[in-house]
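Residue strings, one per chain:
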Amino acid sequence: MKALSNFFTTLVQRFLPDPFVFALILTIILFLSGVIFTHHSPLDMVEFWGSGFWNLLAFAMQMSLVLVTGHALASSPLIRKWMVKLAGVAKTPVQGVILVVVGSGIACFINWGFGLIVGALFAKEVAKRIPGSDYRFLIACAYIGFLTWHGGLSGSVPLVAATPGNPMEKTAGLIPLTDTIFTSYNLFITLALLIVLPIMAKMMMPTGKDVLGIDPKLLAEDEVSASTAMAPVETKKTFAVSMENSRLLSLVISVLGYSYIVYYIVQNGFKIDINTVNLLFFTTGLLLHGTPLSYMNAVTNAAKGTAGILIQFPFYAGIQGMMELSGLGGMITNAFISISNPSTFPFFAFLSSGFVNFFVPSGGGHWVVQGPFIMPAAKELGVDSGVAAMAIAYGEAWMNMAQPFWALPALAIAGLGARDIMGYCVTTLLVSGVIFAVGLSFF
């Protein structure tokens, strides 16, 4: 396992470009594929790309806020104290790796936005506390835990499939969570991931001269940002200064935020989405920092990591537009369906979802692109609609290990590049694929 991870790490570091360049290359590949394999002209593909280019602006803002509010929350004195205590549970590099994988996996199962941010911050804290830890590998472990998200409580596909008015309701009907998330096969897959992934991570761990510790500059940045956020402002007392350092003002706004969250849950049930998570992070972060100025300092420091998200999301939106409007998504899915029978259909649907994820790295996007092809085929073959929906979900989560798109928030927090972690993630792709396949085929 270690030799395999070293091989993929070397391969990725040599050939994987920066995620922004990766998005540009995928754009060109999909553009040419649309011209070659569909009846559409180059001008048509230009139109599809341009019409989709800005479709993820709201989502880009949401993801930027996931990073900013999560980072600001984690930099509050209380959360930092808890992280230090929890990181102190591990006494050796091996224990640190296991703790990060399990902690990130559980957090991502509860909520993917929470887990993605907290996992990276927790890995950073473990790297600081345990001498001999490989910093790159710990961040990779945090991202590896992300594999549990689409079978968890915030999984986009199962939640959308259970929501009235979703794009596939007329075709597949509403699919309750009892047929997707709360099933024996999903329980098997989730538990298997939480058990196997830490063992696999232990086997991949760099040792000896291969270990790369945390950059002292990153530690210095953390300490400076934390002290800046917590330091009282010593200046002449004016009305403006009083408001900037008013704990009462922070408390009132926090009460307002929590009141809406309670109201939302009472009205809609426990259907937590990304907006609810961001409001919860924002409200809690403001409360724990104590004053508006302290919170704003933390947000300013966190916002530096949003550059990759802001510049790359429009390109993936353009890719999604070409994929959907040209019919390439349907062609890819139908190619897998054509070689399927009722027994093999879930596995091939899973593979097709993984392939499509290279071009549409979004759970909700998968439901839009693949749902119209996967769900009618499942119905025709007599395959359970919940299994078909989760096959789409699992394929998306699985291929995230080879697609650096969702690693951007963690990498921004860590101060690393995609090449630093993707070799380990590709190895995880191979191992986790067996777990998903077994769960879909035999449970």
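Nothing here was measured: the structure is a model prediction, and the numbers come from that model.

1. Considering the packing of aromatic side chains
Move 1: Using the criterion set out here, one finds 23 aromatic pairs in the structure.
Move 2: Relative to Phe436, the ring of Phe350 lies with its centre 5.6 Å away and its plane at 40°, an arrangement referred to as tilted. Here Phe350 is found in helix 19 (residues 345-357), whereas its partner Phe436 is found in helix 23 (residues 422-442), with 86 residues between them in sequence.
Move 3: What makes Phe350 buried here is its relative accessible area of 1%.
Move 4: Accessibility expressed as a relative area gives 0% for Phe436, which makes it buried.
Move 5: Through pairs of rings, three or more aromatic residues link up here, namely Trp112, Tyr143, Phe146, Trp149, Phe313 and Trp406.

2. Here's the deal with the confidence of the model for the protein chain
Move 1: Across the protein chain, pLDDT averages 86, with 94% of residues at or above 70.
Move 2: Averaged over each element, pLDDT in the protein chain is lowest for helix 12 (residues 216-230) (55) and highest for helix 11 (residues 184-204) (96).

3. A closer look at the pattern of salt bridges
Move 1: For the structure on display, the rule yields 3 salt bridges.
Move 2: A salt bridge links Lys128 to Glu125; the shortest N-O distance between them is 3.5 Å. Here the residue Lys128 and the residue Glu125 both occupy positions in helix 7 (residues 112-129), the gap between them amounting to 3 residues, near one helical turn.
Move 3: Here Arg136 makes a salt bridge to Asp134, at a shortest N to O gap of 3.4 Å. Here Arg136 matches Asp134 in class, with each residue buried.
Move 4: Three or more residues joined by partner-sharing salt bridges are found here, namely Glu125, Lys128 and Arg129.

4. Quick word on the nonpolar core
Move 1: Ranked by internal contacts, the top residues of the largest apolar core, which has 119 residues, are Met63, Tyr143, Met323, Phe345, Trp367 and Ile421.
Move 2: For this core, the leading source of residues is helix 21 (residues 385-399), giving 11 residues.
Move 3: Contact partners of Ile421, with chain neighbours within four places excluded, come to Arg136, Ile139, Ala140, Tyr143, Ala407 and Leu411.
Move 4: Grouped together as the second largest cluster of nonpolar side chains are 7 residues, Val68, Ala298, Val299 and Ala302 included.

5. Here's the deal with the side chain of Thr38
Move 1: Considering the arrangement of structural elements, one finds Thr38 in the loop between helix 2 (19-37) and helix 3 (42-52).
Move 2: The exposure class of Thr38 is buried, given its relative accessible area of 13%.
Move 3: A polar atom in the side chain of Thr38 sits 2.3 Å from the backbone oxygen of Gly34.
Move 4: Within the structure, the side chain of Thr38 is placed 3.3 Å from the backbone nitrogen of His40, a separation counted as a polar contact.

6. Observations regarding the side chain of Ser76
Move 1: With respect to the helices, strands and loops of the structure, Ser76 is situated in the loop between helix 4 (57-74) and helix 5 (77-87).
Move 2: In this structure the side chain of Ser76 is engaged in a polar contact, spanning 2.7 Å, whose partner is the backbone oxygen of Leu73.
Move 3: Those residues in contact with Ser76 that lie beyond four places of it in its chain are Leu288 and His289.

7. Quick notes on helix 21
Move 1: Compared with an ideal rise of 1.5 Å per residue, which puts 15 residues at 21 Å, helix 21 spans 22 Å between its outermost C-alpha atoms and is within 8% of the ideal.
Move 2: Most of helix 21 is tucked away, with 14 of its 15 residues classed as buried.
Move 3: Between the side-chain oxygen at the start of helix 21 and the backbone nitrogen of Gly386 there is a gap of 2.9 Å, and the oxygen is on Asp384.

8. Overview of helix 17 (residues 307-326)
Move 1: For helix 17, with 20 residues, the first-to-last C-alpha span of 30 Å sits near the 28 Å given by 1.5 Å per residue.
Move 2: At Phe313, helix 17 shows its strongest bend, of approximately 30°, with the proline Pro314 following within four residues.
Move 3: Burial analysis of helix 17 places 14 of its 20 residues in the buried class, the great majority of the element.

9. Overview of the packing of helix 6 (residues 93-110) against helix 7
Move 1: Between helix 6 and helix 7, the shortest axis-to-axis distance is 7 Å and the interhelical angle comes to 165°. The orientation of helix 6 with respect to helix 7, classified from their angle, is roughly antiparallel. At the point where helix 6 passes helix 7, the crossing takes the right-handed sense. Each of Gly96, Leu99, Val100, Ser104, Ala107 and Cys108 in helix 6 lies in contact with helix 7, whose residues at this interface are Trp112, Phe114, Gly115, Leu116, Gly119, Phe122, Ala123 and Val126.

10. What about the packing of helix 21 against helix 23?
Move 1: At a closest axis distance of 10 Å, the pairing of helix 21 and helix 23 adopts a crossing angle of 175°. By the angle between their axes, helix 21 is roughly antiparallel relative to helix 23. Two secondary-structure elements touch here, helix 21 through Val387, Ala391, Tyr394, Trp398 and Met399 and helix 23 through Leu429, Ser432, Gly433, Phe436 and Leu440.
Move 2: In terms of residue class, the contact of helix 21 with helix 23 is built from 8 nonpolar, 2 polar and no charged.

Conventions and cut-offs
- Residues numbered from 1 in each chain as written.
- Predicted model: local features only at pLDDT ≥ 70, side-chain atom pairs only at ≥ 80, totals over all residues.
- Heavy atoms only, no water.
- Phe/Tyr/Trp six-rings, centres within 6.5 Å; stacked < 30°, edge-to-face > 60°.
- Helix = DSSP H or I, 4+ residues; strand = E, 2+ residues; numbered from the N terminus.
- Buried < 20%, exposed > 50% of the residue type's maximum accessible area, 1.4 Å probe, protein only.
- pLDDT = per-residue confidence, 0-100.
- Salt bridge = Lys/Arg side-chain N within 4 Å of Asp/Glu carboxyl O.
- Core = buried A, V, L, I, M, F, W, Y, C linked by side-chain atoms within 4.5 Å.
- Contact = heavy atoms within 4.5 Å.
- Polar contact = N/O pair within 3.5 Å; in protein donor to acceptor, adjacent residues only side chain to side chain.
- Expected span 1.5 Å × (residues − 1).
- Bend = angle between axes of the 7 residues up to and from the residue.
- Axes fitted to C-alpha atoms, helices over the stretch in contact; angles between N-to-C directions.
- Parallel < 35°, antiparallel > 145°, perpendicular 65-115°, else oblique.
- Left-handed = near helix turned anticlockwise from the far one by under 90°.
- Nonpolar A, V, L, I, M, F, W, Y, C, P; charged D, E, K, R; others polar.

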